[in-house]
Amino acid sequence: MNSEQKPKIVKSDKTVYTIYKYAKMVSTNAFLKQHCSSLPDFSVIWADDQTDGRGRFTRIWNSQPGMDLTFSLLLPLTSLEHKRRQNITQIAALSVAQVLEGYGLKPSVKWPNDVLIQGKKISGILCEVTETEDRICGVLGIGINVNNTENFLESLDIPATSLRCELHHKVVRQNLLKKLLEIIINCFNVLSQSGFTQNRQEIKKRLAFINEQIVFTDLKQDSYSGKIIDLNDDGTLLFECEKRGIISLNSGEIAFHNSYTMRKSL
Ligand code: BTN
């Protein structure tokens, strides 16, 4: 691998992943996309300090060096049905929710890529697809607020929390990462081998804002008011739109709760 830094390497005991831990880099997704041709499937790039982390819609993932967990996992897409690619982000959100439940928390999944605790964001996911000469890969990037302080979280422009704020103690990030990788790789294998049904049921149980009045913004930045009714079989959202009736949504995002926007603008 062509990099000035030497990573610390952690091999898994049970599953197939290998973690390459770096002190600092711009973005683990960008790095993994650049180096995926020389890395085996289920390689994990973890940066202690990510200086320009990216989110969906070219947003920024704000980091506190050494406090949050920012990593990207290389997934083999060759044997995954094309239509299942849109489910990867959702199963990653489910996996994050499940690992947080192991710490006694009650997370919800803000479709399709955020994990919340009581309406506050604790994790964001960005999945990208990249092709090399001989294979097609998913670069699954995950950011989790782990030991971030209240001051840092207050400075963000959306409501956010961290494991430390919720649990009132620090969490060892490597332990969290290893537990999470076991869950994600298992969910990904289920998705590849049996489809989305099993994971869909688990996501539905944890879906945020179901039957609540929300505002949804699509990729063209058009906003719709309405209610989420269900998670469809293919992972799209069934949405009762005030202006357009019942529709399925396959991209875009749910606005953070109105009350927060109002509180911030007071
Ligand atoms: C979002 O909130 O829209 C998604 C945020 C994804 C952030 C993670 S941090 C690790 C990986 N590297 C990146 O540049 N982004 C993802």
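Small disclaimer: the values here were computed from a predicted structure and weren't measured.

Undergrad: What am I meant to see in the site of the ligand here?
TA: Among the 22 residues in the neighbourhood of the ligand, the closest are listed as Ser27, Gln50, Arg54, Arg56 and Lys121. Interatomic distance of 2.8 Å between a backbone N/O atom of Arg56 and an oxygen atom of the ligand. Contact distances for the ligand include 2.6 Å between an oxygen atom and a side-chain N or O atom of Lys121. For the ligand, the protein covers 98% of the area, taking 410 Å² as the surface of the free molecule. Taken atom by atom, the bulk of the ligand overlaps the largest pocket. Of all elements in the fold, only α1 (28-35), β4 (53-54), β6 (69-76), β9 (120-131) and β10 (136-144) reach the threshold of two or more residues within the shell around the ligand.

Undergrad: I'm lost on the layout of surface pockets in this one. Help?
TA: Over the atoms a probe the size of a water molecule is rolled, and this reveals where empty space is left. Considered as a void within the structure, the largest pocket measures approximately 700 Å³ in volume. Considering the residues around the largest pocket, the lining is formed by 39 residues, among which Gly55, Arg59, Ile60, Trp61 and Lys121 are closest to the centre. Elements represented by at least two residues in the lining of the largest pocket include exactly α1, β4, β5 (60-61), β6, β9, β10 and β15 (253-254). In terms of residues, the lining of the largest pocket owes the most to one element, β9, which gives four residues. What lines the second largest pocket is a set of 15 residues, and nearest its centre among them are Arg56, Gln86, Thr89, Pro112 and Asn250. If you list the elements that add at least two residues to the lining of the second largest pocket, you get α2 (88-101) and β9. Looking at the lining of the second largest pocket, the element that brings in the most residues is β9, giving four residues.

Undergrad: When you look at the confidence of the model for the protein chain in this model, what are you seeing that I'm missing?
TA: For residues with low pLDDT, the predicted coordinates do not support detailed interpretation. The pLDDT averaged across the protein chain works out to 92; a share of 94% of its residues lies at or above 70. Overall, residues 258-266 carries pLDDT values under 50, and its contacts beyond four positions in sequence, including any with other chains, amount to eight contacts.

Undergrad: Please explain the environment of Leu237 as it appears in this structure.
TA: If you trace the backbone, Leu237 turns up in strand β13 (residues 237-241). Residue classification places Leu237 among the buried residues on the basis of a relative accessible area of 0%. The spacing of Leu237 and Ser251 is 14 residues in sequence and 9.0 Å in space, taken between C-alpha atoms. Those residues in contact with Leu237 that sit more than four places away from it in its chain are Trp111, Leu207, Ile228, Asp230, Leu231, Asn232, Ile247, Ser248, Leu249 and Ile254.

Undergrad: Teacher, can you tell me more about the nonpolar core here?
TA: Among soluble globular proteins, nonpolar side chains are generally buried collectively. Core analysis: the largest hydrophobic core is formed by 64 residues, its most contacted members being Phe71, Leu73, Leu140, Ile142, Leu163, Leu176 and Phe239. Residues lining this core come from more than one domain, with at least three contributed by each of domain 1 (8-205) and domain 2 (213-256). Setting aside anything within four residues of it in sequence, one finds Leu73 in contact with Leu32, Phe42, Ser43, Val44, Gly138, Val139, Leu140, Leu181, Ile184 and Ile185. By size, the runner-up hydrophobic cluster in this structure holds twelve residues, among which are Tyr20, Cys36, Ala47 and Cys137.

Undergrad: When you look at the packing of aromatic side chains in this model, what are you seeing that I'm missing?
TA: Where two aromatic rings form a pair, the distance of their centres and the angle of their planes describe that pair. One pass over the structure, following the stated rule, counts four aromatic pairs. Here the aromatic rings of Phe216 and Phe239 are separated by 6.0 Å at their centres, their planes lie at 45 degrees, and the arrangement is tilted. Of the two residues, Phe216 is situated in strand β11 (residues 213-217) and Phe239 in strand β13; the sequence distance between them amounts to 23 residues. Given the relative accessible area of 0%, Phe239 is considered buried. Each residue in the set Trp111, Phe216 and Phe239 is aromatic and connected to the rest through ring pairs, giving one cluster. Lying across the ring of Trp46, Lys21 places its NZ or CZ 4.2 Å from the centre.

Undergrad: Would you explain the domain arrangement of the protein chain in this entry?
TA: The accessible area lost on association of the parts is a frequent measure of interface size. When the domains of the protein chain are assigned, the result is domain 1 (8-205) and domain 2 (213-256). Between domain 1 and domain 2, the C-alpha centre-to-centre distance is 24 Å. Each partner contributes residues to the interface: domain 1 has 19 residues there, and domain 2 has 18 residues. Counting each side, the surface lost to burial between domain 1 and domain 2 is near 1500 Å², with a carbon and sulfur contribution of 58%. Considering only the side of domain 1, the residues that lose the most area to domain 2 are Lys110, Trp111 and Arg200, jointly responsible for 45% of the buried surface there. One can count three salt bridges joining domain 1 with domain 2. Of the charged contacts in the structure, one is a salt bridge between Arg200 and Asp233, with a shortest N-O distance of 3.4 Å. The interface formed by domain 1 and domain 2 contains eleven residue pairs in polar contact (both at pLDDT 80 or more).

Cut-off values and rules
Residues numbered from 1 in each chain as written. Predicted model: local features only at pLDDT ≥ 70, side-chain atom pairs only at ≥ 80, totals over all residues. Heavy atoms only, no water. Near = heavy atom within 4 Å. Polar contact = N/O pair within 3.5 Å; in protein donor to acceptor, adjacent residues only side chain to side chain. Areas by Shrake-Rupley, 256 points an atom, 1.4 Å probe, with all protein chains shown as cover. 1 Å grid on protein atoms, 1.4 Å probe; cavity = no way out; pocket = protein on both sides within 12 Å on 5 of 7 lines; lining within 4 Å. Sits in = over half its atoms within 2 Å of the grid points. Helix = DSSP H or I, 4+ residues; strand = E, 2+ residues; numbered from the N terminus. Points joined across faces, edges and corners; volume = space filled by probe spheres on them. pLDDT = per-residue confidence, 0-100. Contact = heavy atoms within 4.5 Å. Buried < 20%, exposed > 50% of the residue type's maximum accessible area, 1.4 Å probe, protein only. Core = buried A, V, L, I, M, F, W, Y, C linked by side-chain atoms within 4.5 Å. Domains from an automatic or database assignment. Phe/Tyr/Trp six-rings, centres within 6.5 Å; stacked < 30°, edge-to-face > 60°. Lys NZ or Arg CZ within 6 Å of the ring centre and 35° of its normal. Buried area = accessible area lost by both parts, 1.4 Å probe. Salt bridge = Lys/Arg side-chain N within 4 Å of Asp/Glu carboxyl O.

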